[in-house]
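Letter by letter, the chains look like this.
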Amino acid sequence: EELRYGPGLEVEICERRFRCTNILGRGSYSEVWRAEVLDSDRGADSGDDVREVALKEVRCMTQSELQQAIFEVQVLLALEGSVTPGSIADSSADDVC
């Protein structure tokens, strides 16, 4: 199984760039990586304090895993005050970005 993320790898998500530094954890259908933000006002390219984020790489092999991943996104967005739980049930990953 080939990994998409890895130490030192730069990835682009929703028109934002990140550099993976190390793995934080693994689950049954995902991995979570610590990453540096490369293209923000306080990102790694600016020379200021590095802003770090967690990136979750999800590999859904079943409909159940996909539903769990969508639920996790809904919870995170609700915690940020962006949406109410359940309002993106019919959304795709492209809609989240």
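Summarised in this report is the structure supplied together with it. (Residues numbered from 1 in each chain as written. Predicted model: local features only at pLDDT ≥ 70, side-chain atom pairs only at ≥ 80, totals over all residues. Heavy atoms only, no water.)

1. Re unusual backbone geometry
Of note in this structure, Cys14 is not a glycine but carries a positive phi near 50°. Take Cys14: it is sitting in the loop between strand E1 (10-13) and strand E2 (16-26). Its relative accessible area of 36% is what places Cys14 among the partly exposed residues. The backbone phi angle of Glu15 is positive, close to 65°, even though this residue is not glycine. By the element assignment, Glu15 lies in the loop between E1 and E2. (Helix = DSSP H or I, 4+ residues; strand = E, 2+ residues; numbered from the N terminus. Buried < 20%, exposed > 50% of the residue type's maximum accessible area, 1.4 Å probe, protein only.)

2. A word on the pattern of salt bridges
Pairs can form between side chains of opposite charge once their charged atoms are near each other. For the coordinates displayed, the defined rule picks out eight salt bridges. One salt bridge in this structure joins Glu10 and Arg19, with 3.2 Å as the shortest N-O distance. Close ionic contact of Arg34 with Glu52 constitutes a salt bridge, the shortest N to O distance being 3.9 Å. Taken together, the residues Arg34 in strand E3 (residues 30-37) and Glu52 in strand E4 (residues 52-58) connect sequence positions 18 residues apart. Each member of the salt-bridge network shares a partner with another, and the members are Glu10, Arg17, Arg19 and Glu36. (Salt bridge = Lys/Arg side-chain N within 4 Å of Asp/Glu carboxyl O.)

3. Re the nonpolar core
By size, the foremost hydrophobic cluster in this structure holds eight residues: Tyr5, Val11, Phe18, Cys20, Trp33, Ala35, Val37 and Leu55. When contributions to this core are tallied by element, the ones reaching two or more residues are E2 and E3. Counting residues per element, this core draws most heavily on E3, at three residues. In this view, Phe18 contacts Leu9, Glu10, Val11, Ile13, Ala35, Glu36, Val37, Leu38, Val53 and Leu55; residues no more than four positions away in its chain are not counted. (Core = buried A, V, L, I, M, F, W, Y, C linked by side-chain atoms within 4.5 Å. Contact = heavy atoms within 4.5 Å.)

4. Quick look at the sheet that holds E2
Across the sheet, which stays open at both edges, the four strands sit in the order E1-E2-E3-E4 with antiparallel pairing between neighbours. In this open sheet, the two edge strands, each paired with only one partner strand, are E1 and E4. Across the sheet, the mean angle from the axis of one strand to that of its neighbour is 50°, orientation sign disregarded. Across four bridges, E1 lies against E2 in antiparallel orientation. Counted as the bridge partner of Val11 is Phe18 from E2. (Pairing = 2+ DSSP bridges. Axes fitted to C-alpha atoms, helices over the stretch in contact; angles between N-to-C directions.)

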